[in-house]
Amino acid sequence: MSVAQSDGMNKTDAATLKHDLEEIGVCEDGAAHYASLFALSAPFDFTFTPRNREYFKNGEIAGEAFERLLPEINGRRFSSFFVEDIGHRMKCPDFISGKSVSFQTDMLTVRWSKVPEENLNGFLDMVGKTGAKKLNLQQTRLEFKDDTFARFLNDKKIESLAYSVSDEGMDVFLTKLGGTKLKKFDLSFSDAREKGLSLTFKNLPPTLESLISECNIIGEGATLDALCAGIRPFHLKELNLQCCTLTNTAIEKLINVLPPELESLNISNNTNITDKGGELLLKQLKRPDCLIRKLGIDGMFGMSKGLQKELREAAQDNDDRHMQKLQCQKAEQIAKTKEGIRIKNAVKNASKENIKSLLHDALEYGAADAAFDKMRETGAGLTLKDALATNKDGKTLLEACRDMGKLPQLMAPEMFGNVKDFNEVYDALSEKGKRIYDGKDGRPSVQQVKNRIMSAAVKRAVSQRSEQRG
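Residues numbered from 1 in each chain as written. Predicted model: local features only at pLDDT ≥ 70, side-chain atom pairs only at ≥ 80, totals over all residues. Heavy atoms only, no water.

## Observations regarding empty space enclosed by the protein
For step 1, the next point in the chain: Counted according to the given criterion, the structure contains two cavities of 30 Å³ or more.
For step 2, the next point in the chain: Lining the largest cavity we find Ile 251, Leu 254, Ile 255, Leu 258, Leu 265 and Leu 281.
For step 3, the next point in the chain: Counting residues per element, the lining of the largest cavity draws most heavily on helix H10 (residues 248–255), at three residues.
For step 4, the next point in the chain: Tallied by class, the residues present in the lining of the largest cavity amount to six nonpolar, no polar and no charged.
For step 5, the next point in the chain: In this structure, the second largest cavity occupies an estimated 40 Å³ of space.
For step 6, the next point in the chain: If you trace the second largest cavity, you find it lined by Leu 142, Phe 144, Phe 149, Tyr 163, Gly 169, Met 170 and Phe 173. (1 Å grid on protein atoms, 1.4 Å probe; cavity = no way out; pocket = protein on both sides within 12 Å on 5 of 7 lines; lining within 4 Å. Points joined across faces, edges and corners; volume = space filled by probe spheres on them. Helix = DSSP H or I, 4+ residues; strand = E, 2+ residues; numbered from the N terminus. Nonpolar A, V, L, I, M, F, W, Y, C, P; charged D, E, K, R; others polar.)

Here you go:
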């Protein structure tokens, strides 16, 4: 075997490693793939699964190939490390016992694998030495009868854990779960029913920001009550309850306990939720203090498509509001700079002839409202040419106002001298932008705006004739 020395690691040359893998039975593409990866000196994402039939004809070949790669893995740093089916499709006792390999990674996945009781401590020791803060052990149960695993999570400062729970043999771990410092916990596809799930939800750690529980039976009874009680006092930002047999009653209960910090909610594939539950959720999304801006409602066959559209639009509105808030905060900060003060003074002293040329700068430097006031004061009506004028980033005035949440101010009736200009600018808006005048949720209709513009125009004309007579 030809070995090259690189950065303190013994590394087989690519041609030899490819040959070795092909000798084991790995197909040419698979052998070339791993040979080229391990020829790299920089960290890379490592993925190995015996389910890849394009690389491996069966699990036995895959297992031998993985064993062959262990010397190449040893001593390396990976961006992420993924392997599955050890102890099932692949027999790799040295790896699962943690005896033959030591490597580092930011995210470690060892899923759908079997760790014998006698190898538990060795396996955890290997995992801990990787330095990974994100750990995925989905469907890889560790049969600890004490609090070893919970202590391990704290000792190694694990922030993200994917781990399937069950009703039996996990009571000690689950009761100690609340003492960990996890920020993200994924218990999707667990074997647990009411006992294991309820115990989990009752013992969530107070540091938790993301809870993912896909394809677990939660329903609307005791398990749901445990979930509601568990998440109520926390500051969750993400809650994923896909395919959890939720009902309208469940939605009603959840809405009452959703943390105010929640930004992402996924209730896809809960087919028992109908328009009744959807209307309750829509009302929640439209609350001015609601932060939910990512909403998963795919596969909601019990809910009408029209309502699903409204729900997605409400979540998108929240996302727009969030991004606009960030943009406005940035503008407020740079408004205090030397250039920001210069723009502010320029807007203050602007005339009817030059105020519109300052609109883009006013948006960027936190002086947009002052600029709109100056336009109304001077009577500098907005035209299509003004609305489509671009800034240094190529954004039109309409697009820049949209990003800053200033479309309602820009499109206010007082900003137009006549209905023709309003019609042209309104037609240039995106379909989403036109919703500001859709006549819903207290918003005026297009016709109401036109009426206000025409009324103002008549008043100006009467005033001008009175002045001429005088």
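That shown, we press on.
## Considerations on the sheet that holds strand S5 (residues 104–111)
For step 1, the next point in the chain: Spatial strand order, S3-S4-S5-S6-S7-S8-S9-S10-S11-S12: 10 strands in an open sheet with parallel pairing. The open sheet has two free edges, formed respectively by strand S3 (45–48) and strand S12 (294–296), since each of these has just one partner strand. The mean inter-strand angle of the sheet, taken between neighbouring strand axes irrespective of direction, is 5°.
For step 2, the next point in the chain: Bridge count for S5 against strand S6 (residues 134–136) is three bridges, and the pairing is parallel. When the sheet's bridge partners are listed, Thr 109 is paired in S6 with Asn 136.
For step 3, the next point in the chain: In the packing of helix H3 (residues 59–73) onto the sheet, the strands contacted are S3 and strand S4 (77–84), and the crossing angle to S3 comes to about 155°. (Pairing = 2+ DSSP bridges. Axes fitted to C-alpha atoms, helices over the stretch in contact; angles between N-to-C directions. Contact = heavy atoms within 4.5 Å.)

## Side note on the packing of helix H8 (residues 194–202) against helix H9 (residues 222–231)
If you want to describe how two helices pack, look at the angle between their axes and the distance between the axes.
For step 1, the next point in the chain: Look at H8 against H9: their axes get within 8 Å of each other, and the N-to-C directions meet at 10°. As judged from the angle between their axes, H8 and H9 are roughly parallel. Taking contact as the criterion, the partners of Glu 194, Leu 197, Ser 198, Phe 201 and Lys 202 in H8 are, on H9, Ala 222, Thr 223, Ala 226, Leu 227 and Gly 230.
For step 2, the next point in the chain: Residue classes in the contact of H8 with H9 are distributed as five nonpolar, three polar and two charged. (Parallel < 35°, antiparallel > 145°, perpendicular 65-115°, else oblique.)

## Overview of the pattern of salt bridges
For step 1, the next point in the chain: Inspection of the entire model under this criterion finds 36 salt bridges.
For step 2, the next point in the chain: Between Asp 106 and Arg 77 there is a salt bridge whose closest N-O contact spans 3.2 Å. With Asp 106 in strand S5 and Arg 77 in strand S4, this pair connects stretches of sequence that are 29 residues apart.
For step 3, the next point in the chain: Of the residues examined, Asp 106 reaches a relative accessible area of 46% and is grouped as partly exposed.
For step 4, the next point in the chain: Salt-bridge contacts for Asp 320 lead to Lys 432; the nearest nitrogen and oxygen are separated by 2.1 Å. In this pair, Asp 320 sits in helix H12 (residues 305–334) while Lys 432 sits in the loop between helix H19 (419–428) and helix H20 (446–469), placing the two residues 112 residues apart along the sequence.
For step 5, the next point in the chain: On the basis of relative accessibility, which here comes to 31%, the residue Lys 432 falls in the partly exposed class.
For step 6, the next point in the chain: When salt bridges that share partners are traced, they join Arg 51, Glu 84, Asp 85, Arg 89 and Arg 111 into one network. (Salt bridge = Lys/Arg side-chain N within 4 Å of Asp/Glu carboxyl O. Buried < 20%, exposed > 50% of the residue type's maximum accessible area, 1.4 Å probe, protein only.)

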